[in-house]
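Close look at the chain arrangement
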Amino acid sequence: MRNAKHANAMAQYMYDQLHGVRGVHFSCRPQANALFAILARPVIDELMKHFFFYLWDENRNEVRWMTHFDTK
């Protein structure tokens, strides 16, 4: 349970840090350890060179970011 709480808290932390950043639009507030963000395609492509995440809805340029028990 502690690991799940930490992962969820890290998703909320990421949301809080990125909410309001120009060019980052969230589809919804995090409910667990997943974040769904809409970004410009060039930004997605550049981030994918450095980080693994899913392109959740290609038509909307929506990505899914997941946090984990060891997310810092």
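Scope of this entry: the structure provided in the associated data block.

**Some details on the nonpolar core**
Core analysis: the biggest nonpolar cluster contains 11 residues, these being Ala11, Tyr15, Val24, Phe26, Leu35, Ala37, Leu39, Ile44, Phe53, Val63 and Trp65. Of all the secondary structure elements, the ones that give two or more residues to this core are helix H1 (2-18), strand S2 (34-38) and strand S4 (62-66). If near-sequence neighbours (up to four positions away) are discounted, Leu35 is found in contact with Ala11, Met14, Tyr15, Phe26, Pro30, Val63, Arg64 and Trp65.

**Things to note about the pattern of salt bridges**
Taken as a whole and assessed by the stated rule, the structure comprises 4 salt bridges. Note that Lys49 is salt-bridged to Glu46, the shortest N-O span being 3.2 Å. Via salt bridges that share partners, Arg41, Asp45 and Glu58 belong to a single interconnected network.

**A closer look at unusual backbone geometry**
Glycine aside, the phi torsion of most residues is negative, and most peptide linkages are trans. A positive phi angle, close to 55 degrees, is found at Asn61, a residue other than glycine. Residue placement: Asn61 occurs in the loop between strand S3 (54-57) and S4. Relative accessible area serves as the criterion here: at 21%, Asn61 is assigned to the partly exposed category.

**A closer look at the pairing of S2**
The two faces of a sheet get side chains in turn, since along a regular strand they alternate between them. Summarising burial for S2: 4 of the 5 residues are buried, a large majority. Summarising the sheet, strand S1 (residues 25-26) and S2 pair through 2 bridges and their orientation is antiparallel. Bridge pairing in S2 links His25 to Ile38.

Reading the values: the criteria
Residues numbered from 1 in each chain as written. Predicted model: local features only at pLDDT ≥ 70, side-chain atom pairs only at ≥ 80, totals over all residues. Heavy atoms only, no water. Core = buried A, V, L, I, M, F, W, Y, C linked by side-chain atoms within 4.5 Å. Buried < 20%, exposed > 50% of the residue type's maximum accessible area, 1.4 Å probe, protein only. Helix = DSSP H or I, 4+ residues; strand = E, 2+ residues; numbered from the N terminus. Contact = heavy atoms within 4.5 Å. Salt bridge = Lys/Arg side-chain N within 4 Å of Asp/Glu carboxyl O. Pairing = 2+ DSSP bridges.

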